[in-house]
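The lines below spell out each chain.
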Amino acid sequence: MAPRTLLTTGLLLGGLSLAPAAAHAGWSEYKSAISEVDACNQAQYLMPEKAVVQEFRYWVNSGKSGNTFTCKVRWSDKASAKPTDRPILFPSRIRQPIFAAGWL
């Protein structure tokens, strides 16, 4: 009886680990003192790796100490997720080449 229970438990746990991960959706938000481009780039960096941008909003708050730029990005990593129809002019994250060794 015990080996059968262990086998069943092992098969269930193994099957769960091989099952595809559930899709997620959410918002990423970032505030920057530099620009709205920086705020939206940083908000996109907070998304999961294969997520698709579905919407983004940005605004500027002006105060005595200067401007604060805020950007919110709505994303989804569902297979059926459709990207926004608005052009996103912000490039993806720049990766440093392996052989750059700090000179970039």
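Since the model is a prediction, treat every value here as computed from it, not as a measurement.

Caption draft 1: A look at the nonpolar core. If you look at the biggest cluster of nonpolar residues, it comprises 11 residues: Ala39, Cys40, Ala43, Met47, Ala51, Val53, Phe56, Phe69, Cys71, Val73 and Trp75. Counting only elements with at least two residues in this core, the list comes to helix 2 (36-45), strand 2 (52-63) and strand 3 (66-76). Broken down by element, this core gets its largest block of residues, 4 residues, from strand 3.

Caption draft 2: Up close: helix 2. Inspection of helix 2 places Asp38, Ala39, Cys40, Asn41, Ala43 and Gln44 among the buried residues, and these make up the whole buried set. In this structure serine 35 caps helix 2, since a side-chain oxygen of it lies 3.4 Å from the backbone nitrogen of valine 37.

Caption draft 3: Here's a closer look at the pairing of strand 3. Sheet analysis places strand 1 (residues 25-32) next to strand 3, joined by 8 bridges and oriented antiparallel. What sits directly across from glutamate 29, in strand 3, is lysine 72. Of the strand pairs in this sheet, strand 2 and strand 3 are connected by 11 bridges, and their pairing is antiparallel. Bridging from a neighbouring strand, asparagine 61 pairs with threonine 68 of strand 3. In textbook terms, the turn of a hairpin is the stretch between consecutive antiparallel strands, and for strand 2 and strand 3 this stretch comprises 2 residues.

Caption draft 4: Representation of the side chain of aspartate 38 within the structure. With respect to the secondary-structure elements, aspartate 38 resides in helix 2. Within the structure, the side chain of aspartate 38 is placed 2.6 Å from the side chain of serine 32, a separation counted as a polar contact.

The rules behind each value
- Residues numbered from 1 in each chain as written.
- Predicted model: local features only at pLDDT ≥ 70, side-chain atom pairs only at ≥ 80, totals over all residues.
- Heavy atoms only, no water.
- Core = buried A, V, L, I, M, F, W, Y, C linked by side-chain atoms within 4.5 Å.
- Buried < 20%, exposed > 50% of the residue type's maximum accessible area, 1.4 Å probe, protein only.
- Helix = DSSP H or I, 4+ residues; strand = E, 2+ residues; numbered from the N terminus.
- Polar contact = N/O pair within 3.5 Å; in protein donor to acceptor, adjacent residues only side chain to side chain.
- Pairing = 2+ DSSP bridges.

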